[in-house]
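Observations on the three-dimensional arrangement
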Amino acid sequence: MQKEWNIFTISSILAILIFILEFILYKEITFIYTTNIFFYPASFFLIIGLFSLVIRSGSFDFFYYSFKKATRRLRKNTLEEDSDITVSYLSDTFGTHYPFFVKVGSILMTISLMALIGHYLF
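About the thresholds
Residues numbered from 1 in each chain as written. Predicted model: local features only at pLDDT ≥ 70, side-chain atom pairs only at ≥ 80, totals over all residues. Heavy atoms only, no water. Phe/Tyr/Trp six-rings, centres within 6.5 Å; stacked < 30°, edge-to-face > 60°. Buried < 20%, exposed > 50% of the residue type's maximum accessible area, 1.4 Å probe, protein only. Core = buried A, V, L, I, M, F, W, Y, C linked by side-chain atoms within 4.5 Å. Contact = heavy atoms within 4.5 Å. Axes fitted to C-alpha atoms, helices over the stretch in contact; angles between N-to-C directions. Helix = DSSP H or I, 4+ residues; strand = E, 2+ residues; numbered from the N terminus. Parallel < 35°, antiparallel > 145°, perpendicular 65-115°, else oblique. Left-handed = near helix turned anticlockwise from the far one by under 90°. Patch = residues over 30% accessible without salt bridge, like charges linked within 9 Å, V, L, I, M, F, W, Y side chains within 5 Å. Areas by Shrake-Rupley, 256 points an atom, 1.4 Å probe, with all protein chains shown as cover. Salt bridge = Lys/Arg side-chain N within 4 Å of Asp/Glu carboxyl O.

The protein is annotated in an unreviewed UniProt entry as DUF3899 domain-containing protein of Marinilactibacillus psychrotolerans 42ea.

In structure tokens:
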């Protein structure tokens, strides 16, 4: 039986590993170090997730279709009818795993921002 990992479990494991890495690198755990070291994986997850979300929303479908049509025309080097081109959109070929990356990145960024607020308050 395969165990299903949820967002909170993966985020918790990542947070623990990042705290261990912080302790190994800096020999102490402070708010500013926590802010700095949590920002990098959070930004990685958010960039991947939000980029996937933009592509999945269909923003580049027309560009992808036009580019596919133009390259097919250049390869054949003819001006034949373009009605035989099958329409495959970029958003259909892209996966639906972007919520995972956005949620994990948001949790890590929240920890980073809370540590930054803690640094300035305490």
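Read on, since the account is not over.
1. Some thoughts on the packing of aromatic side chains
Overall, the coordinates contain eight aromatic pairs when judged by the stated rule. Taken together, a centroid distance of 4.1 Å and an interplanar angle of 10 degrees make the contact between Tyr26 and Tyr33 stacked. Tyr26 gets classed as partly exposed once you look at its relative accessible area, which sits at 35%. Among the aromatic residues, those joined into a ring-pair cluster are Phe44, Phe45, Phe100 and Phe101.

2. Focus on the nonpolar core
One finds Ala15, Ile18, Ile37, Phe38, Ala42, Phe45, Leu46, Val104, Leu108 and Met109 forming the largest nonpolar core, which totals 10 residues. With residues near it in sequence (within four places) discarded, Phe38 still touches Ala15, Ile18, Phe19, Leu108, Ile111 and Ser112.

3. Observations regarding the packing of helix H2 (residues 31–56) against helix H5 (residues 98–121)
Close contact between H2 and H5 brings their axes to 7 Å; oriented N to C, the two are set at 150 degrees. With respect to each other, H2 and H5 are oriented roughly antiparallel. The handedness of the crossing between H2 and H5 comes out as left-handed.

4. Focus on a nonpolar patch on the surface
Where nonpolar side chains cluster on the molecular surface, the patch consists of Trp5, Ile13, Ile16, Leu17, Ile20 and Ile24 and spans about 600 Å² of accessible area. Tracing the backbone shows Ile13 in helix H1 (residues 7–26). Classification of Ile13 by relative accessible area gives partly exposed; the value is 38%.

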